[in-house]
Amino acid sequence: MFDSLKDKLGSFRKDVEETTEEKAEEAEAEAEAEADASPEESPDAEPDSGSDESSSSGGGFAAKAKSFAKGEIVIEEQDLEDPLWELEMALLESDVEMSVAQEILDNIREDLIGATRSFSSETADVVEQALHDSLLKVISVGQFDFDQRIAEADKPVTIIFTGVNGVGKTTTIAKLSKYLEDRGLSAVMANGDTYRAGANEQIQEHADNLGKKLITHEQGGDPAAVIYDAVEYADSHDIDVVLGDTAGRLHTDEGLMDQLEKIGRVVGPDMTLFVDEAVAGQDAVQRAKQFNDAAEIDGAILTKADADSQGGAAISIAHVTGKPILFLGTGQGYDHIEKFDPENLVERLLGDEE
Ligand SMILES: Nc1nc2c(ncn2[C@@H]2O[C@H](COP(=O)(O)OP(=O)(O)OP(=O)(O)O)[C@@H](O)[C@H]2O)c(=O)[nH]1
């Protein structure tokens, strides 16, 4: 998952390390040259003394030489220019949305530039920390604990799923019913996709496999009425959660948006979750934004993360929509759903494991 992006982030760390190493070598050479010219003022004369007085002749060189004596260098904007440019290209190639890539670079710049850093092993840590903080900041926008939100809400909790066709919405609903069951919560599914022929049969198969109740109406029926019936059913059978599918048509389709609006009015869902596939990259990011603008979402689920080496959608959606990613789909099985954990994702992206 996200292997290509992981490699590119690794390259950035290497680039900065190399740049700072070169800088350290330059500082060393300059310090030696100065020591040769005026031995009594050599910063090498008392490298560990902590005294800054002996070489305090002022100016850029003196500061560099002093820093070098203390095992430090100052990271300047020009040192990061090339590595940051490479990083920007790498993020864009990985389908990270432009404004998100910019934000990541700005955060890194703010963290690294002007700081006096030890250039030994600490450089790697400093760059890693800056990348870590910067990625975490954009990925964790709006994050909330899904399990806790469900646990604390009045039952039944109604969740509506939106998104375009074929991205894995129905499978995700099935996975979530299993996820909830594993946590001691019962769920009923409702097929609000009354538009597409065969939709009832498709979701029925999942319901049968998982032993779940499914509420359906005839094709062409009113989606709001289906979800309403499911909420009634859940109420009278003490079911904790209603999982309502909707027709996967385009966000530009006014009919669909009217349907979502009607569902909102008739049922008043507790959560509306947007589902799209990680592999769609920037397209998924744009769709998330457009769905959120048309019928406000509470969060997103990215399917097929197992097949996505880029990671652009996972990095960008929360920052672009202001709504968090809550789950990642990681395969075709019912257990292949992972609660989205920004910290865990960042560690995966920056970690050493393959
Ligand atoms: N590899 C992988 N495949 C997935 C994942 N989630 C869903 N799929 C597959 O994607 C395909 C489409 O999934 P569906 O659930 O039928 O898609 P949908 O969004 O409901 O499609 P519509 O009902 O047409 O809107 C199926 O073959 C799923 O098994 C995932 O996380 N990883």
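As named in an unreviewed UniProt entry, the chain is Signal recognition particle receptor FtsY, taken from Halorussus caseinilyticus. Checking UniProt for the chain, the heading Catalytic activity (unreviewed entry) contains the comment "GTP + H2O = GDP + phosphate + H(+)". In UniProt, the chain has this text filed under Sequence similarities (unreviewed entry): "Belongs to the GTP-binding SRP family. FtsY subfamily."

Draft legend 1. Focus on unusual backbone geometry. Lys155 connects to Pro156 through a cis peptide bond whose omega is -5°. Following the sequence through the fold, Pro156 ends up in the loop between α6 (146-152) and β3 (157-162). The phi dihedral of Asp95 is positive, around 70°, even though this residue is not glycine. Along the chain, the position of Asp95 falls in the loop between α3 (77-93) and α4 (98-112).

Draft legend 2. Looking closely at the pairing of strand β7 (residues 271-277). Of all the seven residues making up β7, seven are buried; the element is thus mostly covered by neighbouring parts of the structure. Along β7, one buried face is formed by Met271, Leu273, Val275 and Glu277 and the opposite face, lined by Thr272, Phe274 and Asp276, is buried too. Two strands pair when backbone bridges link them, and β3 and β7 are joined in this way by four bridges, in the parallel orientation. Looking at the pairing, Thr162 lines up with Phe274 of β7. As judged from the five bridges shared by β7 and strand β8 (residues 299-303), these two strands associate in the parallel manner.

Draft legend 3. Representation of the packing of α3 against α4 within the structure. Here α3 crosses α4 at 155°, and the two axes come no closer than 10 Å. Classified by the angle their axes make, α3 and α4 are roughly antiparallel. As for the relative orientation of α3 and α4, their crossing is right-handed in sense. Seen from α3, the contacting residues are Glu77, Leu80, Leu84, Leu87, Glu88, Leu91 and Leu92; seen from α4, they are Met98, Ala101, Gln102, Ile104, Leu105, Ile108, Arg109 and Leu112.

Draft legend 4. Fine view of the UniProt feature "domain: SRP54-type proteins GTP-binding" (unreviewed entry) in the chain. The UniProt record marks residues 324-337 with the feature "domain: SRP54-type proteins GTP-binding" (unreviewed entry), using the residue numbering of this structure. Secondary structure across residues 324-337 divides into 0% helix and 43% strand, with the first and last C-alpha atoms of the span separated by 16 Å.

Draft legend 5. Representation of the site of the ligand in the model. Near the ligand you find 17 residues, and of these Lys169, Thr170, Thr171, Arg196 and Gln202 are the closest. Within the backbone of Lys169, an N or O atom sits 2.7 Å from an oxygen atom of the ligand. Here the element with the most residues in the shell around the ligand is helix α7 (residues 169-182); it accounts for four residues. Counted by class, the shell around the ligand contains one nonpolar, 11 polar and five charged residues.

Analysis parameters
- Residues numbered from 1 in each chain as written.
- Predicted model: local features only at pLDDT ≥ 70, side-chain atom pairs only at ≥ 80, totals over all residues.
- Heavy atoms only, no water.
- UniProt positions renumbered as here; feature names shortened; annotations may be inferred.
- Helix = DSSP H or I, 4+ residues; strand = E, 2+ residues; numbered from the N terminus.
- Buried < 20%, exposed > 50% of the residue type's maximum accessible area, 1.4 Å probe, protein only.
- Pairing = 2+ DSSP bridges.
- Axes fitted to C-alpha atoms, helices over the stretch in contact; angles between N-to-C directions.
- Parallel < 35°, antiparallel > 145°, perpendicular 65-115°, else oblique.
- Left-handed = near helix turned anticlockwise from the far one by under 90°.
- Contact = heavy atoms within 4.5 Å.
- Near = heavy atom within 4 Å.
- Polar contact = N/O pair within 3.5 Å; in protein donor to acceptor, adjacent residues only side chain to side chain.
- Nonpolar A, V, L, I, M, F, W, Y, C, P; charged D, E, K, R; others polar.

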